[in-house]
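Read off the chains here:
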Amino acid sequence: VYTKQGGFSMFTQEDYAFEMIVSVLVDDLDFDEDEIGVEDALKDLFSDDLDYAQLCIGLESTYGIELPEECEFNTVRDMVEYICQNYVIEMDEDE
């Protein structure tokens, strides 16, 4: 369903959660959107704990999503699943 380039076959809640994470990584942490994949290991994406903290702050301030203070996720998919299990994601009607 997701690809690094965003080729979605159908836009699901998981896709939307992934896009929320990507938007914060791109806007707040200067990541290149094309280099973020759902299977990426966080240890490979983040240079230190500060990057995770900045992601948490960005998700909370932009979307009202609070992640655990200590990173307990191995991959981006783990974060997507956490968000989908703990939050109701309201998608825009035009997506």
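Residues numbered from 1 in each chain as written. Predicted model: local features only at pLDDT ≥ 70, side-chain atom pairs only at ≥ 80, totals over all residues. Heavy atoms only, no water.

*Asks:* Quick question: what am I supposed to make of the nonpolar core here?
*Replies:* When a protein is soluble and globular, its nonpolar side chains tend to lie buried together. The biggest cluster of nonpolar side chains holds 28 residues, and the ones touching the most others in it are Ile21, Leu55 and Leu67. Among the elements of the structure, helix 1 (13-29), helix 2 (42-45), helix 3 (49-63) and helix 4 (76-86) are those that each provide at least two residues to this core. The element contributing the most residues to this core is helix 1, with nine residues. In contact with Leu67, not counting residues within four places along its chain, are Tyr52, Cys56, Leu59, Phe73, Met79, Tyr82 and Ile83. (Core = buried A, V, L, I, M, F, W, Y, C linked by side-chain atoms within 4.5 Å. Buried < 20%, exposed > 50% of the residue type's maximum accessible area, 1.4 Å probe, protein only. Helix = DSSP H or I, 4+ residues; strand = E, 2+ residues; numbered from the N terminus. Contact = heavy atoms within 4.5 Å.)

*Asks:* What is the right way to read the pattern of salt bridges from this model?
*Replies:* Any two side chains of opposite charge can pair, given that their charged atoms come close. Counted according to the given criterion, the structure contains one salt bridge. As a salt-bridge pair, Glu39 and Arg77 come within 2.5 Å of each other at their nearest N and O atoms. Here Glu39, found in the loop between helix 1 and helix 2, pairs with Arg77, found in helix 4; they are 38 residues apart in sequence, far enough to count as distant. (Salt bridge = Lys/Arg side-chain N within 4 Å of Asp/Glu carboxyl O.)

*Asks:* Looking at this model, I keep getting lost on a negative patch on the surface. Mind explaining?
*Replies:* Taken together, the side chains of Asp32, Glu33, Asp34 and Glu35 make up a negatively charged region of the molecular surface. Counting through the fold element by element, Glu35 comes out in the loop between helix 1 and helix 2. Relative accessible area serves as the criterion here: at 54%, Glu35 is assigned to the exposed category. (Patch = residues over 30% accessible without salt bridge, like charges linked within 9 Å, V, L, I, M, F, W, Y side chains within 5 Å. Areas by Shrake-Rupley, 256 points an atom, 1.4 Å probe, with all protein chains shown as cover. Lys, Arg positive; Asp, Glu negative; His and termini not counted. Charge placed at Lys NZ, Arg CZ, Asp CG, Glu CD.)

*Asks:* Explain the environment of Gly37 to me, please; I cannot follow it from the model alone.
*Replies:* With respect to the secondary-structure elements, Gly37 resides in the loop between helix 1 and helix 2. Linking Gly37 and Val22, residues 15 residues apart in sequence, is a C-alpha distance of 8.9 Å.

*Asks:* Please clarify how the packing of aromatic side chains should be interpreted in this entry.
*Replies:* One pair of aromatic rings is described through two measures. These are the centre distance and the angle between the planes. Here the structure, examined in full by the defined rule, presents three aromatic pairs. Grouped by ring-pair contacts, the aromatic residues Phe31, Phe46 and Tyr52 constitute a single cluster. (Phe/Tyr/Trp six-rings, centres within 6.5 Å; stacked < 30°, edge-to-face > 60°.)

In short, the description is geometric, and any link to function would need to be established separately.
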